[in-house]
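# Summary of the model geometry
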Amino acid sequence: MKLGIVGLPNVGKSTLFNSLTKAGAESANYPFCTIDPNVGIVTVPDDRLKKLGDLYHSKKVTPAVIEFVDIAGLVKGASKGEGLGNQFLANIREVDAIVHVVRCFDDSNVVHVDGSVDPKRDIETINLELLFSDMEILERRYAKTYKQARMDKTLAKEVAMLERLKDHLEAGNMAKTFEVQDEDEELIFKGYNLLTAKPVIYAANVDEDSLTDDGASNEYVAAVREYAAGEGSEVFVICAQIEEEIAELDDEEKAMFLEELGLEESGLEKLIKASYSLLGLISYLTSGEDETRAWTIKKGTKAPQAAGKIHTDFERGFIKAEVVNYQDLLDCGSTAAAKEKGLVRVEGKEYVVQDGDVILFRFNV
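One structure accompanies this document, and this report is about it. (Residues numbered from 1 in each chain as written. Predicted model: local features only at pLDDT ≥ 70, side-chain atom pairs only at ≥ 80, totals over all residues. Heavy atoms only, no water.)

### Some details on the state of the cysteines
Put simply, the rule is: Any cysteine sulfur atom paired with another within 2.5 Å is treated as part of a disulfide. Summary of the burial criterion: residues with accessible area below 20% of their type's maximum are buried, those above 50% are exposed, and those between are partly exposed, where the area comes from a 1.4 Å probe applied to protein chains only.
Summed over the entire model, instances satisfying the criterion amount to zero disulfides. With no disulfide of its own, Cys 239 lies closest to Cys 104 among cysteine sulfurs, the gap being 11 Å. Residue classification places Cys 239 among the buried residues on the basis of a relative accessible area of 6%.

Take a look at the structure:
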């Protein structure tokens, strides 16, 4: 999974990125300190892995990972090259979802590019730039396809869809609300990789006081939640500065620190939950003496395709899957004990993998 972090300058993007990835992206109180997109890999916290690893005495434990891309602060006119412009918008095209950091705190010491804090205006500024960038991409695609369609009648369908899509965006609508008419259109639409078609998670960056009640008493957060509800996006409340402090602590110190603040989980854990929920992802597990590992798949994935995550041969030569629920396995203490109780099931090609399944695939190629 790859997430792009965007927002206006000085909203806390790089501070958040640093704390999430500990990758040390430069963070400073002036616009455009992030010149190259910083990339950091973050492991997905999963308590199940350690317990399974202990049960099987695994030599190594491998969690799922998320790749974060921190992109320079976008400003009004970015799609036309203002600020650091289009080069950054190109970097976002490759991500699965956008984490849009929105400033929800007052601080006279931190400059705001528009002179005041207004989450709705800030969100719309960024969204408009993403929209303009998409319109530019579609204009070029339309001109090229329209020309080719004179010689190739099979392109007429795409030309008609492009016209509808251009009208949709020019009316100020995001690509994610565009309705495709059939599977062919859906395939073509996905190929455009439009920024405004990507799912969005809003990170409401608050001060420490607003963190304890999850932003319930913060009017800026209320505005972000209202906006997000209107487009079906996820919101999570975070204090980038607190996350930066948490990033320096070991697990035990982190747990104590969160408890002192009255928090159940860190911002990273909140973000991962929101990402999995928004993108419809789950994890299944494999475990043995060599390795215990989490594999991320889409909800609804069938056993052969889940096996293909490990290796294409597993999918090609799939015979069956031996499946046991993680908690059942832990309660029984071993696979043999789980088998005795009839808790290990043999599943075929139509089995839909569930979150927390511990699976052994049988295959032959």
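Moving on from the coordinates now.
### Quick notes on the nonpolar core
Put simply, the rule is: Working definition of a nonpolar core: buried Ala, Val, Leu, Ile, Met, Phe, Trp, Tyr and Cys residues. They are joined through side-chain atoms within 4.5 Å. In this text, helices come from DSSP runs of H or I with a minimum length of four residues, and strands from runs of E with a minimum of two, each type numbered from the N-terminal end. Contacts are assigned to residue pairs that have any heavy atoms within 4.5 Å of one another.
In terms of nonpolar packing, the biggest core is built from 68 residues, with Phe 68, Ile 92 and Cys 104 touching the most fellow members. No other element matches helix 11 (residues 267-279), which puts six residues into this core. Among residues more than four places away in sequence, those in contact with Phe 68 are Leu 3, Ile 5, Phe 17, Leu 20, Thr 21, Asn 38, Val 39, Gly 40, Val 42, Leu 268 and Leu 271. One finds Tyr 142, Ala 149, Val 159 and Phe 189 within the second-largest nonpolar core, a separate group that totals 16 residues.

### Some remarks on helix 11
Selection criterion: Any helix carries an expected span of 1.5 Å times its number of residues minus one.
With 13 residues, helix 11 extends 18 Å between its outermost C-alpha atoms, agreeing within 8% with the 18 Å of an ideal straight helix rising 1.5 Å per residue. Regarding helix 11, the residues found buried are Gly 267, Leu 268, Lys 270, Leu 271, Ile 272, Ala 274, Ser 275, Tyr 276 and Leu 279. Taken from the residues just after helix 11, Gly 280 is the one with a positive phi, measuring 65°.

### Focus on the packing of aromatic side chains
Working definition: an aromatic ring pair is given by the centre-to-centre distance plus the angle between the planes. Selection criterion: Each Phe, Tyr or Trp ring (for Trp, its six-membered ring) is paired with any other whose centre lies within 6.5 Å, and the angle between the two planes then decides the class: stacked below 30 degrees, edge-to-face above 60, tilted in between.
The full count for this structure, using the stated rule, is six aromatic pairs. With centroids separated by 5.9 Å and ring planes inclined at 25°, the aromatic side chains of Phe 178 and Phe 189 adopt a geometry described as stacked. A residue pair is termed long-range when its members are at least 10 positions apart, and Phe 178 in the loop between helix 5 (156-170) and helix 6 (183-192) and Phe 189 in helix 6 qualify at 11 residues. Here the two residues Phe 178 and Phe 189 agree in accessibility, since each one is buried.

### Re the pattern of salt bridges
A side chain of one charge can pair with a side chain of the opposite charge if their charged atoms are brought near each other. Using the following cut-off: We count a salt bridge whenever a side-chain nitrogen from Lys or Arg sits within 4 Å of a carboxyl oxygen from Asp or Glu.
The tally for this structure, following the rule as stated, stands at 25 salt bridges. The salt bridge partner of Asp 214 is Lys 270, with a shortest N-O separation of 3.2 Å. With a gap of 56 residues between them, Asp 214 in the loop between helix 7 (208-211) and helix 8 (219-231) and Lys 270 in helix 11 connect regions that are remote in the sequence. Residues Arg 293 and Glu 291 are paired through a salt bridge, measuring 3.9 Å at the closest nitrogen-oxygen approach. By relative accessible area, Glu 291 is classed as partly exposed at 23%. Salt bridges sharing common partners tie together Asp 46, Arg 48 and Asp 355.

### Some details on a negative patch on the surface
Note the following rule: Exposure above 30% relative accessible area and the lack of any salt bridge qualify a residue for a patch; like charges then connect within 9 Å, and the nonpolar side chains Val, Leu, Ile, Met, Phe, Trp and Tyr within 5 Å. Under the convention used here, a 1.4 Å probe and the Shrake-Rupley method define accessible areas, while residue burial counts only the protein chains that appear. Only four residue types enter the tally: Lys and Arg on the positive side, Asp and Glu on the negative side, with His and both chain ends excluded. Positions of charges follow a simple convention, taking NZ of Lys, CZ of Arg, CG of Asp or CD of Glu.
A cluster of acidic side chains, namely Asp 106, Asp 107, Asp 207, Glu 208, Asp 209, Glu 219, Glu 244, Glu 245 and Glu 248, defines a negative patch on the protein surface. The topology assignment puts Asp 106 in the loop between strand 5 (97-103) and helix 4 (119-149). What makes Asp 106 exposed here is its relative accessible area of 56%.

### Thoughts on the packing of helix 5 against helix 6
Think of two packed helices as two axes; the pair is described by the angle between the axes and how far apart they sit. Which entries qualify depends on this criterion: Here, axes are lines fitted to C-alpha atoms. For helices the fit covers the stretch in contact, and angles between N-to-C directions go from 0 to 180 degrees. Should the near helix be turned counterclockwise from the far one by less than a right angle, the crossing is left-handed, whereas a clockwise turn marks it as right-handed. For this classification, Asp, Glu, Lys and Arg are treated as charged, while Ala, Val, Leu, Ile, Met, Phe, Trp, Tyr, Cys and Pro are nonpolar and the rest, including Gly, are polar.
Axis separation between helix 5 and helix 6 bottoms out at 11 Å; the angle between their running directions is 65°. The two elements helix 5 and helix 6 meet at a crossing, and its hand is right-handed. Counting all contacts with helix 5, which are made through Lys 157, Glu 158, Met 161, Leu 162, Arg 164 and Leu 165, the residues of helix 6 involved are Asp 184, Glu 185, Ile 188, Phe 189 and Tyr 192. Considering only residue class, the contact of helix 5 with helix 6 consists of six nonpolar, no polar and five charged.

### Digging into the environment of Ile 71
Within the secondary structure layout, Ile 71 lies in the loop between strand 4 (65-70) and helix 3 (86-92). Residue Ile 71 is classed as buried on the basis of its relative accessible area, which comes to 0%. A sequence separation of 58 residues divides Ile 71 from Lys 13, and the C-alpha atoms of the two residues are 8.3 Å apart.

### What to know about the packing of helix 9 (residues 240-247) against helix 10 (residues 251-261)
In plain terms, the rule: When an angle is under 35 degrees it counts as roughly parallel; over 145 it counts as roughly antiparallel; between 65 and 115 it counts as roughly perpendicular; any other value is oblique.
Between helix 9 and helix 10, whose axes approach to 10 Å, the crossing angle comes to 150°. Between helix 9 and helix 10, the angle is such that the two are roughly antiparallel. The crossing of helix 9 and helix 10 is right-handed. Packed against helix 9, whose contacting residues are Ile 242, Glu 245 and Ile 246, the element helix 10 presents Lys 254, Phe 257, Leu 258 and Leu 261 at the interface.

### Here we look at unusual backbone geometry
Across residues other than glycine, the phi torsion is negative in most instances, and most of the peptide bonds are trans. Even without a glycine there, the phi angle at Asn 10 is positive, about 65°. Summarising the element assignment, Asn 10 is placed in the loop between strand 1 (2-6) and helix 1 (13-21). Here Asp 214, not a glycine, exhibits a phi torsion of approximately 55°, which is positive. Taking relative accessible area as the criterion, Asp 214 reaches 35% and is therefore assigned partly exposed.

### Some points on the sheet that holds strand 7 (residues 234-238)
Our working rule: Strand pairing is assigned whenever DSSP detects at least two bridges linking the two strands.
Ordered in space as 2-4-1-5-6-7, the six strands form an open sheet in which the pairing is mixed. One side of each edge strand has no neighbouring strand; the edge strands of this open sheet are strand 2 (38-43) and strand 7. The sheet shows a mean angle of 25° between the axes of neighbouring strands, direction not considered. With four bridges connecting them, strand 1 and strand 4 associate as parallel partners.

### A few points about the pairing of strand 6 (residues 200-205)
Among the six residues in strand 6, six count as buried, and that is most of the element. Burial along strand 6 is two-sided: the face carrying Val 200, Tyr 202 and Ala 204 and the face carrying Ile 201, Ala 203 and Asn 205 are both buried. As paired strands, strand 5 and strand 6 are joined by six bridges and run parallel to one another. When the sheet's bridge partners are listed, Val 101 is paired in strand 6 with Ala 203. Of the strand pairs in this sheet, strand 6 and strand 7 are connected by five bridges, and their pairing is parallel. The residue of strand 7 that forms the bridge with Ala 204 is Val 237.

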